[in-house]
Number of protein chains: 2
Amino acid sequence: MATAIIKNRKQQIHHTAKNLFRERGYAATSMRHIAGELGIEAASLYSHIKSKEEILQLICFELAEQFLKSSDELQRKKLPAKDLFKQAVTAHIRIITQNMDSSVVFLHEWRHLSEPFLSDFKLMRKRYENFYKNILKAGAEEKKFQIRDEKLTLFVIFSAMNGIYEWFTPKGKLQPEEIAEQMVEVFLNGILKY
Amino acid sequence: MATAIIKNRKQQIHHTAKNLFRERGYAATSMRHIAGELGIEAASLYSHIKSKEEILQLICFELAEQFLKSSDELQRKKLPAKDLFKQAVTAHIRIITQNMDSSVVFLHEWRHLSEPFLSDFKLMRKRYENFYKNILKAGAEEKKFQIRDEKLTLFVIFSAMNGIYEWFTPKGKLQPEEIAEQMVEVFLNGILKY
DNA sequence: CATCCTAACTAACGGTCGTTAGGCAAATAT
DNA sequence: ATATTTGCCTAACGACCGTTAGTTAGGATG
């Protein structure tokens, strides 16, 4: 059939918005901007979407659900901490690299959500953080990980994974799976030679 | 003399702006917002500052210069790579934790700078990144570091350090020096027990 | 052919934006 | 005591904001 390239207008709008929200930020992107990119008038967007914020909501929650779905699936596998850790990092990086624009918006523009969406979003993020926190805890109990401060360790890992958008390009020589592998290596063993 | 608490209006404006730019982003912060926080009218700000962007410029370049000054000083010390690395990370984290609001603005709002400031800023950042890149290179040459991909390693380190604002509070139990120490430990040896 | 639906349009709404001009009262300097 | 400077004010500017209303052209459907 070979379709899948031609997207309907709603999808086009969301695609363009993701791109602009990433590039210029949500607040600095106007509806006239998005419309201009598609060669139509700002008012015409409202035939397809309800509001500017609705677009942001969709981006944020779509990605949040991907992260949570992935963590739920991994949790069910009952793996040893080290294996679970590896797979979790790999899954996270896969989602980030496959959704670069959305990821940046997800990471930095969620604060422009209004209530109750803002609170919902924070809750989902907390749930996902806890998934990782439990992996670290389990690893420590298994005497496999040595963790001096849990919060610090957790956020070193998250920051490194979430910072990928700063330097990753799909056309570069490092592909998602290799990034995951190398990053796990750094987290587990560091960069010191001995 | 015990002054230093009462600041002149210009300083107050910059202080308030840093805070709001961090909290809501540059684009979503209005001059009327800043003024309101200080109990005056928006137009009155212009007795003390030239423009909204001037404030952003000051925040961004002030911090960029701190980072570069610190790296220049360390470079002059001619330390072995491992020691230089430790001191560089410690210095970076000290600057971040001592300038939390500015740091967040520096990290995320620089893109709203107009030319030629935008290009200047990117250049300074590049210079600073190269300082770290050279530390990694030197460590590899000294056979102290094993680095599979330089860019990945570099950005894991930067992301972890720059992500500190996500979780650090000055009143928490972890103080900047301990954070630096533990983070260096994670970078060098990882979290694996063996 | 007549009808309905879709996706766009123009025009406009009330509001907010950054910024300028000009004035005025209090503080400071002469 | 007088002159100057400072720090704020009000009023307003043109531009842009997100969004609504009403319309229209063209294609699909009966």
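Analysis parameters
- Residues numbered from 1 in each chain as written.
- Chains lettered and ligands numbered in written order.
- Predicted model: local features only at pLDDT ≥ 70, side-chain atom pairs only at ≥ 80, totals over all residues.
- Heavy atoms only, no water.
- Least-squares fit on C-alpha atoms with pLDDT ≥ 70 in both.
- Contact = heavy atoms within 4.5 Å.
- Phe/Tyr/Trp six-rings, centres within 6.5 Å; stacked < 30°, edge-to-face > 60°.
- Helix = DSSP H or I, 4+ residues; strand = E, 2+ residues; numbered from the N terminus.
- Buried < 20%, exposed > 50% of the residue type's maximum accessible area, 1.4 Å probe, protein only.
- Near = heavy atom within 4 Å.
- Polar contact = N/O pair within 3.5 Å; in protein donor to acceptor, adjacent residues only side chain to side chain.
- Nonpolar A, V, L, I, M, F, W, Y, C, P; charged D, E, K, R; others polar.
- Axes fitted to C-alpha atoms, helices over the stretch in contact; angles between N-to-C directions.
- Parallel < 35°, antiparallel > 145°, perpendicular 65-115°, else oblique.
- Salt bridge = Lys/Arg side-chain N within 4 Å of Asp/Glu carboxyl O.
- Left-handed = near helix turned anticlockwise from the far one by under 90°.
- Expected span 1.5 Å × (residues − 1).

Peer 1: Just checking my understanding: could you explain the relation of the copies chain B and chain A for this structure?
Peer 2: Comparison of the two chain copies shows a relationship of rotation about an axis with a shift along it. Structural alignment of chain B on chain A gives an RMSD of 0.0 Å, achieved by rotating through 180° and translating 0.0 Å along the axis. The symmetry that links the two subunits is that of a two-fold axis. Minimal C-alpha distance to the rotation axis in chain B is attained by Gly-190 of chain B, lying at 2.0 Å. Of all interface residues in chain B, 100% are interface residues in chain A too; the two copies therefore contact each other through one and the same surface.

Peer 1: Would you mind showing me how to read the packing of aromatic side chains here?
Peer 2: Two measures describe an aromatic ring pair: the distance that separates the ring centres and the angle between the ring planes. Residue and element names in this part refer to chain A. Enumeration over the complete set of coordinates arrives at 28 aromatic pairs over all chains. Seen from their ring centres, Tyr-128 and Phe-158 are 6.0 Å apart, and the 55° between their planes marks the pair as tilted. Taken as a pair, Tyr-128 in helix α6 (residues 117–141) and Phe-158 in helix α7 (residues 150–162) lie far apart in primary sequence, 30 residues in all. With a relative accessible area of 7%, Tyr-128 lands in the buried category. Its relative accessible area of 6% is what places Phe-158 among the buried residues.

Peer 1: Which parts of the structure should I look at to understand the protein's contact with DNA strand C?
Peer 2: Neighbouring DNA strand C are 16 residues, the closest being Arg-9, Glu-41, Ser-44 and His-48 of chain A together with Tyr-46 of chain B. Atoms of DNA strand C within 4 Å of the protein: sugar and phosphate make up 58%, bases the balance. Side-chain polar atom of His-48 of chain A to a phosphate oxygen of DNA strand C: 2.5 Å apart, as the coordinates give it. At a separation of 2.8 Å, a base nitrogen of DNA strand C approaches a polar side-chain atom of Arg-32 of chain B. Each residue belonging to the surface near DNA strand C can be placed in one class, and the counts come to 5 nonpolar, 6 polar and 5 charged.

Peer 1: Please clarify how the protein's contact with DNA strand D should be interpreted in this entry.
Peer 2: In the region of DNA strand D, 16 residues are neighbours, and Tyr-46 of chain A together with Arg-9, Glu-41, Ser-44 and His-48 of chain B sit closest. Within 4 Å of the protein, the atoms of DNA strand D are drawn from sugar and phosphate moieties in a proportion of 55%. Within the contact set of DNA strand D, a phosphate oxygen lies 2.2 Å away from a side-chain nitrogen or oxygen of Arg-9 of chain B. Between a phosphate oxygen of DNA strand D and a side-chain N or O atom of Ser-44 of chain B, the distance comes to 2.5 Å. Of the residues in the surface near DNA strand D, the class split is 5 nonpolar, 6 polar and 5 charged.

Peer 1: Please explain the packing of helix α3 (residues 52–75) of chain A against helix α5 (residues 100–108) of chain A as it appears in this structure.
Peer 2: How two helices pack is summed up by the angle between their axes together with the distance between the axes. All names here are of chain A. It is the contact of α3 with α5, at a shortest axis distance of 9 Å, that shows an interaxial angle of 100°. As the angle between them shows, α3 and α5 are arranged roughly perpendicular. When α3 is examined against α5, the residues Leu-56, Ile-59, Cys-60, Leu-63, Ala-64 and Phe-67 are found in contact with a partner set consisting of Ser-102, Ser-103, Val-105 and Phe-106. Along the lines of polarity and charge, the residues of the contact of α3 with α5 split into 8 nonpolar, 2 polar and no charged.

Peer 1: Explanation requested: the pattern of salt bridges in the structure shown.
Peer 2: Side chains carrying opposite charge are able to pair once their charged atoms draw close together. All names here are of chain A. Under the criterion given, the structure shown has 18 salt bridges over all chains. Salt-bridge contacts for Lys-126 lead to Glu-129; the nearest nitrogen and oxygen are separated by 3.9 Å. Here Lys-126 pairs with Glu-129, and both are found in helix α6, just 3 residues apart, close to one helical turn. You can call Lys-126 partly exposed: its relative accessible area is 49%. Since its relative accessible area comes to 14%, Glu-129 is described here as buried.

Peer 1: For this particular structure, what's the right way to read the packing of helix α1 (residues 9–24) of chain B against helix α5 (residues 100–108) of chain B?
Peer 2: Residue and element names in this part refer to chain B. Two elements in contact, α1 and α5, have axes whose closest approach is 8 Å; the angle formed by their N-to-C orientations is 55°. Comparing their axes, α5 and α1 come out oblique. Handedness of the crossing formed by α1 with α5: left-handed. On α5, the residues that touch Lys-18, Asn-19, Phe-21 and Arg-22 of α1 are Met-100, Asp-101, Ser-102, Val-104 and Val-105. For the contact of α1 with α5, the residue count by class is 4 nonpolar, 2 polar and 3 charged.

Peer 1: Any chance you could explain helix α1 (residues 9–24) of chain A here in plain terms?
Peer 2: Residue and element names in this part refer to chain A. Between the first and last C-alpha of α1 there are 22 Å, a value that for 16 residues agrees with the 22 Å anticipated at 1.5 Å per step. Taken together, the buried positions of α1 are Ile-13, His-14, Thr-16, Ala-17, Lys-18, Leu-20 and Phe-21. Taken together, the buried residues of α1 touch α2 (31–38), α3 and α5. After α1 finishes, the residue Gly-25 shows a positive phi value of roughly 90°.

Peer 1: I keep staring at the side chain of Asp-101 of chain B and nothing clicks. Help me out?
Peer 2: Residues and elements named next belong to chain B. Inspection of the secondary structure assignment puts Asp-101 in helix α5. Judged by relative accessible area, which is 17%, Asp-101 ranks as buried. Apart from residues no more than four positions distant in its own chain, Asp-101 is found in contact with Lys-18, Asn-19 and Arg-22.

Read these as geometric descriptors, not functional statements.
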